[in-house]
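Observations on chain architecture
The chain contents come next:
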Amino acid sequence: LAKTTQPISMDSYEGQEVNITCSHNNIATNDYITWYQQFPSQGPRFIIQGYKTKVTNEVASLFIPADRKSSTLSLPRVSLSDTAVYYCLVGFPMDSSYKLIFGSGTRLLVRP
Amino acid sequence: GAVVSQHPSWVICKSGTSVKIECRSLDFQATTMFWYRQFPKQSLMLMATSNEGSKATYEQGVEKDKFLINHASLTLSTLTVTSAHPEDSSFYICSARPGLAGEQYFGPGTRLTVT
């Protein structure tokens, strides 16, 4: 069963580190895990992508355990402008190919 | 680089009419384009996948005769909502991918309201 699970919402304060986890038990073995940020009435914006272990860029880190059944997006020192919905995008095997499925999204609220 | 545009950004139409939404990759050639629909406070749901020059592949539950997709060139895909009804009101988002695999680049979305 292709399914991702994310917390519905999270609250944080400015300057804190925020970790958002996406569970994806049946992930396709050869596909990447991608995280997006979405503001109201806008298209998703790419944050980070990884296959395994840890990936870091200028805005976030992505931690993927060896079994790849979950991934954790880490946002260091969040600011008010990080208030948004965060989605994981994961590939699942379907028939002879695979299908990319968005997670349900985590609504992050950053308070002053 | 990797910019995807959509036009219009919002549209209001009357029930029974048809609406066309354009998706363009501005600085790369898109072998594959995707169309998503997003209802308020929900995730993006894939409607269809289209490869340039071939028929679109629709997801289960999406009526191909109602949501016409044309991917006539490597930089343009169109979604036409035919005989629109109020329940078709939603946020439609396209994405484009340069190859058969890899990262998708998303457009800004089109807000459709059917009255």
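Above this note sits the structure.
The structure presented is a predicted model; accordingly, all values stated were derived computationally and were not measured.

**Digging into the nonpolar core**
Among the nonpolar cores identified, the biggest contains 24 residues, and Trp35, Phe67, Leu79, Tyr92 and Leu112 of chain B are the most heavily contacted of them. When residues of this core are traced back to their parent elements, those giving at least two are β2 (10-13), β3 (19-25), β4 (32-38), β5 (45-51), β7 (67-73), β8 (76-81), β9 (90-97) and β11 (110-114) of chain B. Non-local contacts of Phe67 of chain B, meaning those with residues more than four positions away in its chain, are made with Arg37, Met47, Tyr58, Val62, Leu79, Thr80, Val81, Asp88 and Tyr92 of chain B. Counting residues in each nonpolar core, the second largest holds 22 residues, with Ile27, Trp35, Ala60 and Tyr86 of chain A among its members.

**A few points about the pairing of strand β6 (residues 61-64) of chain A**
Residue and element names in this part refer to chain A. In this structure, strand β5 (residues 53-56) lies alongside β6, joined through four bridges in antiparallel fashion. Residue pairing across strands places Thr56 opposite Ser61, the latter belonging to β6. Across three bridges, the pairing between β6 and strand β7 (residues 70-75) is antiparallel. Counterpart to Phe63 in the pairing with β7 is Thr72. The hairpin formed by β6 and β7 contains five residues between the paired strands, and Arg68 there has a positive phi angle of roughly 55°.

**Here's the deal with the pattern of salt bridges**
Summed over all chains, the structure comprises four salt bridges over all chains. The salt bridge involving Asp11 of chain A is made with Arg111 of chain A; its shortest N-O contact spans 2.7 Å. Pair noted here: Asp11 of chain A is in strand β1 (residues 9-13) and Arg111 of chain A is in strand β10 (residues 106-111), with a separation of 100 residues, a long-range link. Its relative accessible area of 34% is what places Arg111 of chain A among the partly exposed residues. Across the salt bridge formed by Asp88 of chain B and Lys66 of chain B, the nearest N and O atoms sit 2.9 Å from each other. A residue pair is termed long-range when its members are at least 10 positions apart, and Asp88 of chain B in the loop between β8 and β9 and Lys66 of chain B in the loop between β6 (57-58) and β7 qualify at 22 residues. As far as burial versus exposure is concerned, Asp88 of chain B and Lys66 of chain B are alike and both buried.

**Focus on the sheet that holds strand β1 (residues 4-7) of chain B**
Residue and element names in this part refer to chain B. Here four strands make up an open sheet; going across it, the order is β1-β3-β8-β7 and the pairing antiparallel. Of all strands in the sheet, those bounded by a partner on one side alone are β1 and β7. Here the average twist between neighbouring strands, direction ignored, is 15°. Relative to β8, β7 runs antiparallel, the two sharing five bridges. For Ile69, the partnering residue across the bridge sits in β8 and is Leu79.

Rules used in this analysis
- Residues numbered from 1 in each chain as written.
- Chains lettered and ligands numbered in written order.
- Predicted model: local features only at pLDDT ≥ 70, side-chain atom pairs only at ≥ 80, totals over all residues.
- Heavy atoms only, no water.
- Core = buried A, V, L, I, M, F, W, Y, C linked by side-chain atoms within 4.5 Å.
- Buried < 20%, exposed > 50% of the residue type's maximum accessible area, 1.4 Å probe, protein only.
- Helix = DSSP H or I, 4+ residues; strand = E, 2+ residues; numbered from the N terminus.
- Contact = heavy atoms within 4.5 Å.
- Pairing = 2+ DSSP bridges.
- Salt bridge = Lys/Arg side-chain N within 4 Å of Asp/Glu carboxyl O.
- Axes fitted to C-alpha atoms, helices over the stretch in contact; angles between N-to-C directions.

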